[in-house]
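Fold and geometry: a report
The primary structure of each chain is shown beneath.
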Amino acid sequence: MQFDPVLLPPRRAESIAKGWWHDRTINDALDACLATGPDQLALTAVRSESGDVRRFTYRELACMADRIAVGLSRLGVGRDDVVAMQLPNWWQFTALYLACSRLGAVVNPLMHIFRERELSFMLRHGEAKVLIVPKVFRGFDHEAMARALQPSLPDLRRVVVVGGGGPDDFDALLTQPAWEQEADAGALLRGSRPGPDDITQLIYTSGTTGEPKGVMHSANTVMANIIPYAERLHLTHDDVVLMASPMAHQTGFMYGLVMPIVLRARVVLLDVWEPKKAAELIRTEGVGFTMASTPFLTDLTKTVQETGAGVPSLKTFLCAGAPIPGALVEQARQVLGTKIVSAWGMTENGAVTTIRPEDDDVRAFTTDGCALPGVEVRVIDEPGETLAPGEVGRLVVRACSNFGGYLKRPQWNGTDADGWFDTGDLAHLDAAGYLRISGRSKDVIIRGGENIPVFEVESLLYKHPAVAQVAIVAYPDERLGERACAVVVHKPGQSLDFAGMVEFLKAQKLAVQYVPERLVLRDAMPATPSGKIQKFKLREMLRDGAL
């Protein structure tokens, strides 16, 4: 694969000079773990369906990485080849990434919920040479799907199956033969290591705007985010991290796979989110930190409250992906005794903002935090002028962790000559520099020449007792150009009709011209793997008369 990370070279000199880029790869981090604590427990992986638990010390993890690396090389994988993995949070995911990093190969994590449409595009666009899948996960036969796709993917030489048996079995090919003892193994492993500016990860955006984009990250961009992130949250080698967010998503990959190794810490992986199991693991494994979206926090708080079994070791729960209700922060603090930290970030740059653990709790539900070291954020108007605190505008970010560009789509990089990346989000900053996301720039509805404040209307509807999820989207109108439709998933046992919605919004003192003209009820929203509502799909359905 020929990568084109055009955004990296112009930033190198300044990033090195300012200490943002550390010129270290995951190989260097793993070597440090071996040097300081080879027999320290590194990883505990829990498989919910079978109940299996697998543990690795750093010595065992490094040995397995070397073994798999040589095994992959026997399958023809080398420098800059793409190895795609559609795996849950299993130990094989971590070992495979470390193995690919030994060879200079590039990992392409794929969410396990992806099916033929998404996979066929991503695997073809990324020119994946090897695809590794589970035989079956959560009742779905991933091997059968991969086999059906392979004939249409000319670059895909091999499908390897975890738990599959047969000639393409993961263990038979990669973990059972003592590949690391082969005569050429040492030279192969020493001679193939990538540099810190080589691409280490190809990860696709979730598709909120149509075609997924292949985000390219180097070791320098990944480390430049993880190190200040961990420092702000006071995480050290003494911490135990629980990661139940998928490692095929940037949250799980950066903070559940890479960060624990960088810290020389320990991670507990959970492949299926089960709040009772998570609470049990926090207690038995001494977990002090976890990161997930708001529903995970809701579930954990409810479970601890109902069972009465606390999680006293859990110091910090970082929430990102959606605003955290103030009532939830207060309840979680009381029930869990845990600091709730809000944050915001993107696949393209990892975490951009977080509140500080020392901040008052109110910041967790009124802001998305302030910029990490090495990160700058600006809110600008359409001409590009910086707006005053409190004014809503386009959010642009200039960060040491910004990606190298979109694979084969440099025209979409969205980064100007000064390094400012257009996030596509609307936001405002307060006087202290704390950010609040207000919505997506493409969420703006212009009805008869007047902008409708989508985020405000959605926030009000979320207060309705019947509303579980809501998205305000535009649909075409011949006279006004656009009108607004409220798409709602209602709570079980609750109901909402159009008249009730209008009455409720008027009671909230919303201007009548901002009240949506339509209400559509659905059982579920189209969403990305990280849980973000795909409004472009709702707009398409409205346009095509499917809603």
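Here's what I pulled together on the structure shown here. Keep in mind that what you see is a predicted model, and the values were worked out from it rather than measured. Within each chain, residues carry numbers counting from 1 in the order of the written sequence. Confidence filtering applies because this is a predicted model: local features only for residues at pLDDT of at least 70, side-chain atom pairs given and counted only at 80 or more, and all residues used for totals across whole chains, interfaces and linings. Note: side-chain values were computed over all heavy atoms of the structure, leaving out hydrogens and water.

1. Details of the pattern of salt bridges
Any carboxyl oxygen of Asp or Glu within 4 Å of a side-chain nitrogen of Lys or Arg constitutes a salt bridge here. Here the structure, examined in full by the defined rule, presents 31 salt bridges. Linking Asp-430 and Arg-363 is a salt bridge whose minimum nitrogen-to-oxygen distance equals 3.4 Å. Here Asp-430, found in the loop between strand 21 (421–429) and strand 22 (435–440), pairs with Arg-363, found in helix 14 (residues 362–366); they are 67 residues apart in sequence, far enough to count as distant. Look at Arg-363 and you get partly exposed, because its relative accessible area is 23%. Of the charged contacts in the structure, one is a salt bridge between Arg-543 and Asp-544, with a shortest N-O distance of 3.2 Å. Type-normalised accessible area, obtained with a 1.4 Å probe on protein chains alone, sets the label of each residue: buried when under 20%, exposed when over 50%, and partly exposed for intermediate values. Exposure remark for Arg-543: the relative accessible area of 54% places this residue in the exposed category. Look at Asp-544 and you get exposed, because its relative accessible area is 55%. Here the salt bridges share partners, and the residues they tie into one network are Lys-135, Asp-141, Glu-143, Arg-147, Arg-158 and Asp-168. Only DSSP runs of H or I covering at least 4 residues are called helices, and only runs of E covering at least 2 are called strands; the numbering of each starts at the N terminus.

2. Things to note about the packing of aromatic side chains
Aromatic pairing here means that ring centres of Phe, Tyr or Trp (its six-membered ring) are within 6.5 Å. Orientation follows from the plane angle: under 30 degrees is stacked, over 60 is edge-to-face, and everything else is tilted. Here the structure, examined in full by the defined rule, presents 10 aromatic pairs. Geometrically, the ring pair formed by Trp-90 and Phe-137 is edge-to-face, given 5.7 Å between the ring centres and 85° between the ring planes. Of this pair, Trp-90 sits in the loop between strand 3 (82–85) and helix 4 (91–103) while Phe-137 is found in strand 6 (residues 136–137), placing the two residues 47 residues apart along the sequence. Considered together, Trp-90 and Phe-137 belong to a single accessibility category, that of buried residues. Geometrically, the ring pair formed by Tyr-97 and Phe-253 is edge-to-face, given 5.0 Å between the ring centres and 70° between the ring planes. Of this pair, Tyr-97 sits in helix 4 while Phe-253 sits in helix 10 (residues 250–263), placing them 156 residues apart in sequence.

3. Thoughts on the nonpolar core
Note on terminology: a nonpolar core comprises buried Ala, Val, Leu, Ile, Met, Phe, Trp, Tyr and Cys residues joined through side-chain atoms within 4.5 Å. Ranked by size, the top nonpolar core spans 158 residues in total, and within it Leu-72, Tyr-229 and Met-259 carry the most contacts. Here, two residues are considered to be in contact whenever any of their heavy atoms come within 4.5 Å of each other. The residues touching Leu-72, leaving out its near neighbours within four places in the chain, are Val-77, Leu-96, Ala-99, Cys-100, Leu-103 and Leu-174. Val-454, Ala-474, Met-501 and Val-515 belong to the second-largest nonpolar core, a separate cluster that totals 23 residues.

4. Describing the state of the cysteines
The definition used for a disulfide is geometric: two cysteine sulfur atoms within 2.5 Å. Taken as a whole, this structure holds 0 disulfides when the rule is applied. Counting only cysteine sulfurs, Cys-370 is the nearest neighbor of Cys-319, a cysteine outside any disulfide, at a range of 17 Å.

5. A closer look at helix 10
The element helix 10 is extensively covered by neighbouring structure, given that 14 of its 14 residues are classed as buried. Phi for Arg-264, located one or two positions after helix 10, is positive at around 60°.

6. Focus on the environment of Asp-23
Structurally, Asp-23 is set in the loop between helix 1 (12–17) and helix 2 (26–36). Residues Asp-23 and Thr-367 lie 344 residues apart in sequence; the distance between their C-alpha atoms is 33 Å. Not counting the four nearest positions on each side in its chain, Asp-23 is found in contact with Arg-12, Ile-16, Asp-28, Pro-196 and Asn-220. Here the side chain of Asp-23 touches Arg-12 through a polar contact of 2.8 Å, side chain to side chain. We define a polar contact as two N or O atoms separated by no more than 3.5 Å, with the added condition that, inside protein, one atom must be a possible hydrogen donor and the other a possible acceptor, whereas residues neighbouring each other in sequence contribute only through side-chain atom pairs.

7. Some points on the side chain of Arg-483
Relative to the helices and strands, Arg-483 is located in strand 26 (residues 481–490). In terms of polar contacts, Arg-483 uses its side chain to reach the side chain of Asp-477, at 2.8 Å. Apart from the residues lying within four places of it in its own chain, the contact partners of Arg-483 are Ile-445, Arg-447, Val-473, Ala-474, Tyr-475, Asp-477 and Glu-517.

8. Some words on helix 17 (residues 535–543)
Turn by turn, an α-helix covers 3.6 residues, leaving residues three or four places apart pointing in a common direction. All buried positions along helix 17 are accounted for by Lys-535, Phe-536, Leu-538, Met-541 and Leu-542. Contacts made by the buried residues of helix 17 are with helix 15 (454–461), strand 25 (467–477), strand 26 and strand 27 (518–521).

9. A word on the sheet that holds strand 11 (residues 240–243)
We treat two strands as partners when DSSP finds at least two bridges between them. Read across the sheet, 9 strands follow the order 2-1-12-11-13-14-15-16-17 without closing on themselves; strand pairing throughout is mixed. Sheet topology places strand 2 (53–57) and strand 17 (370–371) at the edges, where each strand pairs with a single neighbour. Direction of pairing for strand 15 (residues 339–346) relative to strand 16 (residues 350–354): antiparallel, over a ladder of 4 bridges. Residue pairing for strand 16: Ala-343 is matched across the bridge by Thr-354. Sheet contacts for helix 3 (residues 58–74): strand 1 (41–46) and strand 2; angle to strand 2, the most-contacted strand, approximately 95°. Axis definition: a line fitted to C-alpha atoms, over the contacting stretch in the case of helices. Angles run 0 to 180 degrees between N-to-C directions.

10. Describing the pairing of strand 25
Taking burial as the measure, the 11 residues of strand 25 include 8 buried ones, the bulk of the element. Judged from the 10 bridges that link them, strand 25 and strand 26 form a sheet pairing that is antiparallel. Within the sheet, the bridge partner assigned to Asp-477 lies in strand 26 and is Gly-481.

11. What about the environment of Lys-532?
Topologically, Lys-532 is positioned in the loop between strand 27 and helix 17. A relative accessible area of 37% means that Lys-532 is categorised as partly exposed. Remark: the alpha-carbon pair of Lys-532 and Gly-321, spanning 211 residues in sequence, is separated by 7.4 Å. If near-sequence neighbours (up to four positions away) are discounted, Lys-532 is found in contact with Pro-526 and Ala-527.

12. Overview of the environment of Lys-506
Position of Lys-506 among the secondary structure elements: in helix 16 (residues 498–507). Taking C-alpha positions, Lys-506 is 68 Å from Gly-191, a pair spaced 315 residues apart along the chain.

13. Describing the sheet that holds strand 22
Taken together, 4 strands build an open sheet; the order of strands is 18-19-21-22 and the sheet is antiparallel. Whereas interior strands pair on both sides, the edge strands pair on one side only; in this sheet they are strand 18 (375–380) and strand 22. The mean inter-strand angle of the sheet, taken between neighbouring strand axes irrespective of direction, is 45°. Relative to strand 22, strand 21 runs antiparallel, the two being bridged by 5 bridges. Residue Ala-427 lies in a different strand from strand 22, and its bridge partner there is Ile-437.

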